[in-house]
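Understanding the architecture of this molecule
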Amino acid sequence: MAGEAPARVAVLLSGRGSNFLSLHAAMGRGEVPARVVVVVSNKSKAAGLAKAVELGIPAVAISRRGCSRQQHDQRVLEVLRQHRVEWVCLAGYMRLLSPSFVAAFPRRILNIHPSLLPSFPGLEAQRQALQHGVRVSGCTVHLVDEGLDSGPVVVQRAVTIEDDDTEDSLATRILVQEHCAYPEALSRLLTRRWSVKGRRIEWHGAAPRPT
Ligand code: GRF
């Protein structure tokens, strides 16, 4: 909201980090009233972690090796507390969060998934869509609950599937939409009044006018 300090966001990732970069860039352009204060990965070699270092953003690797899901999540939570994180954006974070992690940030954790949920949750969503033969897929940004890719939907963007699409070509076109959908979703949540009713997010009042 106008005049308020930017929201403090943590990005959790396991891989290349293109969604992290698109969020960071949108924040830099003033399109999302937030900033990435820390990037955390369960993979020390994740390319996204190296990009955070290049950008001067604190980057922390926390290996899963030798600890339970619960212990790992507690270590991640400690880092988020140290950085006074308010919102968590999962961006290709290949781990299911424990219920205690989800409870630590109620309705303040977002995930992006490369299909139109509730179709094709879980791994290899683009392959699932092609194998099923659907003609439209896309991406979904949703609030995270304790299930797999199952929380309330914030933003979806559709992508038409072409006859000659491969998993790679479809993933590439969906990724372009992901890079718009994630900043749009976070911006909406930060600038609009909203509540959750059942599975739905209800938006209250008019959208702010673009400045
Ligand atoms: C994206 O396709 C996202 O939807 C999925 O994992 C991929 C992450 O890509 N959850 P990147 O690391 O952000 O480039």
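Below, the structure is looked at part by part. Source: prediction; values computed, not measured. Per chain, the residues get numbers from 1 upward, laid out in the order the sequence is written. Only residues with pLDDT of 70 or above have their local features reported here, since the model is predicted, and side-chain atom pairs are shown and tallied only from 80 upward, although totals for entire chains, interfaces and linings are computed over all residues. In computing side-chain values, all of the structure's heavy atoms are included and hydrogens and water are not.

A separate point is the packing of aromatic side chains. Note on aromatic contacts: the rings of Phe and Tyr and the six-membered ring of Trp form a pair at centre separations within 6.5 Å, being stacked when their planes are under 30 degrees apart, edge-to-face when over 60 apart, and tilted otherwise. Following the criterion strictly, the structure yields one aromatic pair and no others. The ring of Trp-203 has Arg-188 lying over it, and the distance from NZ or CZ to the ring centre is 4.6 Å. Criterion for a charge above a ring: Arg CZ or Lys NZ at most 6 Å from the ring centre, at most 35 degrees from the ring normal.

Moving on, we come to the sheet that holds strand S7 (residues 153-160). Two strands pair under a simple rule: DSSP has to find at least two bridges between them. Secondary structure elements are taken from DSSP: a helix is a run of H or I of four residues or more, a strand is a run of E of two residues or more, and numbering for both begins at the N terminus. Pairing is mixed across the open sheet formed by seven strands, whose spatial order is S3-S2-S1-S4-S5-S6-S7. The sheet is open, and its two borders are formed by strand S3 (59-61) and S7, each paired with just one other strand. Adjacent strand axes in the sheet meet at a mean angle of 20° when their direction is disregarded. Sheet topology note: the strand S6 (residues 136-143)/S7 ladder contains seven bridges and is antiparallel. Orientation is described by lines fitted to C-alpha atoms, with helices fitted over the stretch in contact, and by angles between N-to-C directions that extend from 0 to 180 degrees.

We now examine the side chain of Ser-22. Relative to the assigned elements, Ser-22 resides in helix H1 (residues 18-28). Remark: exposure states derive from per-residue accessible area (1.4 Å probe, protein chains only) relative to the maximum for the residue type, with buried under 20%, exposed over 50%, and partly exposed in between. Of the residues examined, Ser-22 reaches a relative accessible area of 12% and is grouped as buried. The criterion used for residue contact is that any of the two residues' heavy atoms lie within 4.5 Å. With near-sequence residues (within four places) excluded, Ser-22 lies in contact with His-179 and Pro-183.

Take Asp-73: it is sitting in helix H3 (residues 69-82). Note on charges: Lys and Arg go in the positive column, Asp and Glu in the negative column, and His and the chain ends are not counted at all. By salt bridge we mean one thing: a side-chain nitrogen of Lys or Arg within 4 Å of a carboxyl oxygen of Asp or Glu. Although Asp-73 is buried, it forms no salt bridge, and the closest oppositely charged side chain is Arg-95 at an N-O distance of 4.8 Å. For the purposes of these results, a polar contact is taken to be a pair of N or O atoms within 3.5 Å, where, inside protein, one atom must be able to donate a hydrogen and its partner to accept one; residues adjacent in sequence count only when each atom of the pair is a side-chain atom. Among the polar contacts listed, one links the side chain of Asp-73 to the side chain of Ser-98, at a separation of 2.6 Å. Those residues in contact with Asp-73 that sit more than four places away from it in its chain are Leu-97, Ser-98 and Phe-101.

For the pair helix H5 (residues 125-132) and helix H6 (residues 167-191), interaxial distance at closest approach is 9 Å and the crossing angle is 120°. One way to sum up the angle between H5 and H6 is to call them oblique. Crossing angle aside, the handedness with which H5 passes H6 is right-handed. From H5, Gln-126, Arg-127 and Leu-130 reach across to H6, where they touch Glu-167, Leu-170, Ala-171 and Ile-174. Should an angle fall under 35 degrees it is taken as roughly parallel, and over 145 as roughly antiparallel, whereas 65 to 115 is taken as roughly perpendicular and any remaining angle as oblique. Working rule for handedness: look at the near helix, and if it is turned counterclockwise from the far one by less than a right angle, call the crossing left-handed; if clockwise, right-handed.

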